[in-house]
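Survey of secondary and tertiary structure
Letter by letter, the chains look like this.
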Amino acid sequence: ANARGSVANFIDEGLRHTSPVVMLFRRASRDTEVGGVPIVKGDLIGVSYGAANHDAGRFACPHAWDTDRPNVTRHLAFGFGTHYCVGSPIAKLEAEVALRCLLDRYRRIELSPDAAPRFQPSFMVRQMDSLKVICRPR
């Protein structure tokens, strides 16, 4: 695949696979029921974007990395509807510029054999401390 042409898909798949915001809290605006569990107006509920982005009903093989997914942009990493992040276009543009600069400089970028990412402990955000990669110069 053309690495430069798939940068946008790479970014969206990264956002879907390992969303920076995993969970946000909301107050129920009315009485309802989700999966047989009653929710009363005013209840505090946790909305798990991370779980939604790995829903097998929405994404085929949700735990696999696939930049060619037909619905790669349909993730909830930036929220949805009135809660959609207004900064998402600039965040994606910054990531695209950075990745294109790396692709201009290196002929190949690959995960190191000991590339297990390390994250800050949190149930709400996914902040990566490190990810080891090998950059092959041009």
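Structure's up top.
Now for a quick tour of the structure.

Once that is clear, we can look at the packing of aromatic side chains. Any aromatic ring pair is given by two values, namely how distant the centres are and how the planes are angled relative to each other. Under the definition given, this model contains two aromatic pairs. Relative to Tyr84, the ring of Phe78 has its centre 6.4 Å away and its plane inclined at 70 degrees; by these criteria the two rings are edge-to-face. Arg16 extends its terminal NZ or CZ atom over the ring of Phe59, reaching a point 5.2 Å from the ring centre. Lying over the aromatic face of Phe119, Arg126 brings its terminal NZ or CZ to 3.6 Å of the ring centre.

Time to look at unusual backbone geometry. The phi angle of most residues is negative, glycine excepted, and most peptide bonds adopt the trans form. Residues other than glycine seldom take positive phi values, yet Cys61 does so here, at roughly 45 degrees. Here Cys61 shows up in the loop between helix 2 (49-52) and helix 3 (88-105).

Further remarks concern the packing of helix 1 (residues 7-17) against helix 3. Direction vectors running N to C along helix 1 and helix 3 enclose 125 degrees, while the axes themselves pass 10 Å from each other. When the axis of helix 1 is compared with that of helix 3, the two are oblique. Between helix 1 and helix 3 the crossing geometry is right-handed. Residues Val7, Ala8, Phe10, Ile11, Asp12 and Leu15 of helix 1 pack against Lys92, Ala95, Glu96, Leu99, Arg100 and Leu103 of helix 3. When grouped by side-chain class, the residues that make up the contact of helix 1 with helix 3 number eight nonpolar, no polar and four charged.

When you line up the elements, Ser112 lands in the loop between strand 5 (106-111) and strand 6 (118-119). Here Ser112 falls in the buried class, since its relative accessible area comes to 14%. Among the polar contacts made by the side chain of Ser112, one reaches the side chain of Asp114 at a distance of 2.5 Å. Look past the residues within four positions of Ser112 in its chain and what remains in contact with it is Lys132, Val133 and Ile134.

Looking now at the side chain of His75. Within the fold, His75 resides in the loop between helix 2 and helix 3. For His75, a relative accessible area of 9% corresponds to the buried category. Among the polar contacts listed, one links the side chain of His75 to the side chain of Asp12, at a separation of 2.8 Å. Among residues more than four places away in sequence, those in contact with His75 are Asp12, Leu15, Arg16, Asn53 and Phe59.

So, about a nonpolar patch on the surface. Nonpolar side chains collect at one region of the surface, where Leu102, Ile109, Leu111, Met128, Leu131 and Val133 lie side by side and expose about 490 Å² of accessible area between them. With respect to the element layout, Leu111 can be found in strand 5. With a relative accessible area of 55%, Leu111 lands in the exposed category.

Counting five residues, the largest nonpolar core consists of Val7, Ile11, Leu15, Ala77 and Phe78. If sequence neighbours within four positions are ignored, Ala77 has contacts with Leu15, Ser19, Pro20 and Asn53.

Calculation notes
Residues numbered from 1 in each chain as written. Predicted model: local features only at pLDDT ≥ 70, side-chain atom pairs only at ≥ 80, totals over all residues. Heavy atoms only, no water. Phe/Tyr/Trp six-rings, centres within 6.5 Å; stacked < 30°, edge-to-face > 60°. Lys NZ or Arg CZ within 6 Å of the ring centre and 35° of its normal. Helix = DSSP H or I, 4+ residues; strand = E, 2+ residues; numbered from the N terminus. Axes fitted to C-alpha atoms, helices over the stretch in contact; angles between N-to-C directions. Parallel < 35°, antiparallel > 145°, perpendicular 65-115°, else oblique. Left-handed = near helix turned anticlockwise from the far one by under 90°. Contact = heavy atoms within 4.5 Å. Nonpolar A, V, L, I, M, F, W, Y, C, P; charged D, E, K, R; others polar. Buried < 20%, exposed > 50% of the residue type's maximum accessible area, 1.4 Å probe, protein only. Polar contact = N/O pair within 3.5 Å; in protein donor to acceptor, adjacent residues only side chain to side chain. Patch = residues over 30% accessible without salt bridge, like charges linked within 9 Å, V, L, I, M, F, W, Y side chains within 5 Å. Areas by Shrake-Rupley, 256 points an atom, 1.4 Å probe, with all protein chains shown as cover. Salt bridge = Lys/Arg side-chain N within 4 Å of Asp/Glu carboxyl O. Core = buried A, V, L, I, M, F, W, Y, C linked by side-chain atoms within 4.5 Å.

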